[in-house]
Amino acid sequence: MNEIKWVEPRPLRHTADTIPFPLGALPPVLRDMAGAISVTTSTDVGMAGTAMLSAVGYCFTGLYRLAGKADHTEPPVLYSIIIAQPSERKSPVMHFIKAPFDSFESKYNKEHREEMYKAQQDVKALEARVKAMEKEDEPDTAAIAKLRVQADNIRNTSPIRIAVDDITPESLVIELSENDSLLMISDEAGMLSNFNGKYNGGIPNLDLLLKSWNGEKYICNRVIRGRTEIPSPYLSVALAGQPYIWDNMMNDTAFRSSGLIARFVPCFAKSNVGNRRYDTAPISKEVREQYHDFIHQLLKGKKDWGGEETILHLSRHATEEYIEYCNNYIEKEIKESMCCCQDWGGKFHGLILRIACILHCADCCFRGVEPSDESVNHDTLVRSFSIAHYYRYQAIYGFSVNAPDGNIVKADVMELLQNMMSSMYGGDYSSYFSQFGSYYSAMDVWEELLPDEDGTGISPLLKLQYDVLYGRWPESYDEVVLVVGENNEISDLVMYAMGLKTEQEMTDAMQAAMNQETIEKSDANWSY
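Calculation criteria
Residues numbered from 1 in each chain as written. Predicted model: local features only at pLDDT ≥ 70, side-chain atom pairs only at ≥ 80, totals over all residues. Heavy atoms only, no water. Helix = DSSP H or I, 4+ residues; strand = E, 2+ residues; numbered from the N terminus. Buried < 20%, exposed > 50% of the residue type's maximum accessible area, 1.4 Å probe, protein only. Contact = heavy atoms within 4.5 Å. Areas by Shrake-Rupley, 256 points an atom, 1.4 Å probe, with all protein chains shown as cover. Core = buried A, V, L, I, M, F, W, Y, C linked by side-chain atoms within 4.5 Å. Axes fitted to C-alpha atoms, helices over the stretch in contact; angles between N-to-C directions. Parallel < 35°, antiparallel > 145°, perpendicular 65-115°, else oblique. Nonpolar A, V, L, I, M, F, W, Y, C, P; charged D, E, K, R; others polar. Salt bridge = Lys/Arg side-chain N within 4 Å of Asp/Glu carboxyl O. Expected span 1.5 Å × (residues − 1). Arc of directions from axis to C-beta. Disulfide = S-S within 2.5 Å. Pairing = 2+ DSSP bridges.

Novice: Honestly, the overall build of the chain in this entry has me stumped. Any pointers?
Specialist: Of regular secondary structure, the chain possesses 19 helices and ten strands. Counting across all 528 residues of the chain, residues that qualify as buried make up 46%. Relative to all contacts within the chain whose residues are 6 or more apart in sequence, the contacts with residues 24 or more apart total 73%. With an accessible surface of roughly 28100 Å², the chain has 49% of that area assigned to carbon and sulfur atoms.

Pasting the structure below:
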C-alpha cells in the first residue's frame with residue numbers, strides 16, 4: 001500500500017503565524033524586567049512586553065501627546081489584551097507588572113493622609129459657610145458662588161486610585177472624575193462584560209471606554225448623581241483572558257461596530273506548556289528593584305505634574321520616514337494584509353505614534369531628561385515600527401480566525417462546545433474536555449475520508465454509499481466534500497464549522513433549549 005504524504009497541518013487556534021515580540025525595542029529597564037518575567041514564568045515574552053507597554057504608558061497620560069502633523073496627535077494610551085489558554089500563568093505575569101503601581105498607591109495615600117484630611121475639613125468649612133449665608137435674609141449670591149467654586153477647586157480630598165480591575169461603568173465614571181486617568185489592569189478580561197449591559201438591562205455602556213482612549217471630554221447626566229463632566233479622561237488598559245473572551249468580543253455587535261475592538265492591540269501568547277521547568281531563574285533583586293524604582297519615579301513625576309498636556313514632535317528625519325511609511329505602506333496594507341481587520345488597520349498609523357510616545361518618554365526619564373526637551377528621533381520611530389508590526393500580525397490572526405466577513409473562519413467544533421459551557425456555566429472546562437472529550441467526539445463534523453486499498457484515492461465503499469449531487473470526489477489532501485442528509489440538509493454544527501453560523505448564535509440556541517424556550521427556526525438555502 002502506498003503511503004499518502006500529508007503536509008504539516010496548520011492549527012486553527014493554538015498559535016498565531018506571527019513574528020516574535022521585539023524585546024530589544026523596549027528601554028533597558030523595561031526590557032530586562034519583561035525578559036526576566038518571561039524566564040521565571042516560562043511564558044511568551046510578548047505577554048509581559050504587552051502588559052508593560054500599556055502600564056508604563058499610563059505614567060505619561062495627561063502629560064504628553066505626540067504629533068504626526070499639526071492637526072494630528074496621539075496620547076501614550078494603549079488598550080491591550082493578552083489571549084492565552086488556561087494554566088498559561090497569566091496571573092503571575094500581570095502581578096509582576098502591576099506590583100509597583102499598587103505599592104506606590106499605598107505609599108502615597110499613607111504619606112498624604114494628613115493633607116487629605118485637611119482638604120476634607122476645608123471643604124466642610126466652606127460648605128458650612130455657604131449654608132450659613134443661605135439662611136440670611138438677603139444672601140450674598142456672588143459670595144456664595146465664590147465659596148462654592150473654592151470648594152470645587154480643592155483637590156486631594158480622597159485617596160488616589162491608580163490601578164483598577166473589576167469595575168462597573170458607573171464606578172469608572174466616579175474614579176476617572178476624581179483621578180483624571182487610570183490603569184485598568186487585570187488577568188480577568190471577562191470584566192469587559194460589565195460594559196456591555198451586564199448590570200444595565202443588556203444596554204451597552206461603552207462611551208467612556210471609547211472616549212478615554214483619546215482623552216475626549218465626557219459628560220454624564222444621571223438623576224441621582226446629577227451632571228458629571230470629565231474634561232480629558234485617560235484610561236490605559238492591560239487585560240488577559242482565555243480565547244473565548246476574544247471570540248465573544250468579536251461576536252459582540254456593540255463591541256465591533258463601535259470600534260472598541262479596533263482600539264485593542266492583541267497578544268495571542270505562544271504556549272510553552274509541556275516544555276516548562278520549575279527551576280527557572282527567578283527575577284533578580286537588581287532587576288526587580290530597578291523596575292520598581294523606575295515606575296515609582298514615573299508615578300511621582302505624574303503626581304507632581306502641574307502643567308498642561310505637552311505636545312511632543314518627531315525629528316525631521318523621523319517625520320520624513322513616518323510620512324513615507326503612511327503614504328506608501330500602511331494604506332496599501334489596509335487593503336491587502338489587513339483586509340480582514342480594516343477597522344483595526346485604520347488606526348495603525350496612530351498606534352505607531354502611541355508606541356513611539358511611550359518609548360520616547362521612558363527613554364528620556366531613564367536618562368533623567370525632560371521628554372519635551374528632545375524630539376522623538378528616528379531610532380525611536382524604527383523601534384516603534386517593529387513593535388507595531390508585531391501587533392499587526394497578531395491582529396491579522398485574531399480578526400481573521402473569527403471575522404464575520406473574513407476569508408478564514410474557525411472550524412473546531414470541540415472548542416465551540418468548550419466555550420459554550422464556559423459561557424453558560426462559568427469556569428474553565430479545558431481539563432474536563434481533556435479527560436472526557438472522547439464522549440463528544442461524535443459531534444465533531446470533520447472526518448478523514450476512507451482511502452482505497454493503495455491509499456491514493458477514495459474507497460469504493462464510500463462511492464457506493466453516497467451519491468455525488470454536484471462536483472466530484474476530492475482528489476487532494478486540501479479538498480473537502482460536504483455530506484448532506486436525505487433532504488439535502490445539514491446540521492447547525494456543520495453550518496458553524498463552515499462559517500455560516502456564529503458562536504453566539506449557537507450559544508443562544510443551546511441556552512434556549514436548556515430553558516425549554518421556543519427556538520425560532522428559519523430555512524436557509526445555498527446553491528451548490
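Novice: I would appreciate a short explanation of the nonpolar core in the present structure.
Specialist: If you look at soluble globular proteins, the nonpolar side chains tend to sit buried side by side. Residues Phe101, Met184, Trp344 and Tyr391 are the most contacted members of the largest nonpolar core, which totals 123 residues. Tallying contributions element by element places helix H13 (residues 348-367) first for this core, with twelve residues. When sequence neighbours within four positions are dropped, the list of residues in contact with tryptophan 344 reads Ile261, Ala262, Phe264, Val265, Pro266, Met338, Leu351, Tyr391, Arg392, Ala395 and Phe399. Judged by nonpolar contacts, the second largest core, of seven residues, contains Val413, Met420, Leu493 and Tyr496.

Novice: Would you take a moment to explain unusual backbone geometry for this structure?
Specialist: Where the residue is not glycine, phi is negative for most of them; where a peptide bond is considered, it is trans in most cases. Phi at serine 87 takes a positive value of approximately 70 degrees, unusual for a residue other than glycine. Position of serine 87 among the secondary structure elements: in the loop between strand E3 (79-83) and helix H3 (90-111).

Novice: Would you take a moment to explain the packing of helix H10 (residues 285-304) against H13 for this structure?
Specialist: When two helices pack together, their arrangement is given by the angle between the helix axes and by the axis-to-axis distance. Across the interface, H10 lies against H13 with an axial gap of 11 Å and an inter-helix angle of 105 degrees. Judged by the inter-axis angle, H10 sits roughly perpendicular to H13. For the pair H10 and H13, the contacting residues are Gln290, Phe294, Gln297 and Leu298 in the first and Ala362, Cys365 and Phe366 in the second. A per-class count over the contact of H10 with H13 returns five nonpolar, two polar and no charged.

Novice: Help me understand the pattern of salt bridges in this model?
Specialist: One side chain can pair with another of opposite charge once the charged atoms of both are near each other. Under the definition given, this model contains 20 salt bridges. As a salt-bridge pair, glutamate 134 and arginine 148 come within 2.6 Å of each other at their nearest N and O atoms. With glutamate 134 in helix H4 (residues 113-134) and arginine 148 in helix H5 (residues 141-153), this pair connects stretches of sequence that are 14 residues apart. Here glutamate 479 makes a salt bridge to arginine 472, at a shortest N to O gap of 3.0 Å.

Novice: How should H5 be read in this particular structure?
Specialist: A turn of α-helix holds 3.6 residues, and therefore any two residues three or four places apart point the same way. Across its 13 residues, H5 extends 18 Å between first and last C-alpha, which sits within 8% of the 18 Å expected from 1.5 Å per residue. Of the positions making up H5, those classed as buried are Ile144, Leu147 and Ala151. Burial along H5 is one-sided: seen end-on, the buried residues are contained in an arc of 65 degrees. Along H5, the residues that are exposed and aim more than 90 degrees away from the buried face are Ala142, Lys146, Asp152 and Asn153. The secondary structure elements touched by the buried residues of H5 are H4.

Novice: How should I be thinking about the state of the cysteines in this particular structure?
Specialist: In protein structure, a disulfide is the covalent linkage between the sulfur atoms of two cysteines. All chains considered together, the criterion is met by zero disulfides. Left without a disulfide partner, cysteine 59 is nearest to the cysteine sulfur of cysteine 365, which lies 8.8 Å away. For cysteine 59, a relative accessible area of 0% corresponds to the buried category. Note on cysteine 364: no disulfide assigned, nearest cysteine sulfur contributed by cysteine 365 at a separation of 6.9 Å.

Novice: Where do I start with the sheet that holds strand E2 (residues 72-74) in this structure?
Specialist: Consider a sheet: its strands pair through backbone hydrogen bonds, and that pairing is either parallel or antiparallel. The three strands are arranged E2-E1-E10 in an open sheet whose pairing can be described as mixed. Among the strands making up the open sheet, the edge pair consists of E2 and strand E10 (310-313). Between one strand axis and the next, the sheet turns by 40 degrees as a mean value, whatever way the strands run. One ladder, built from three bridges, connects strand E1 (residues 64-69) with E2; its direction is antiparallel. Following the sheet pairing, lysine 69 is matched in E2 by histidine 72. Sheet contacts for H13: E1, E2 and E10; angle to E1, the most-contacted strand, approximately 135 degrees.

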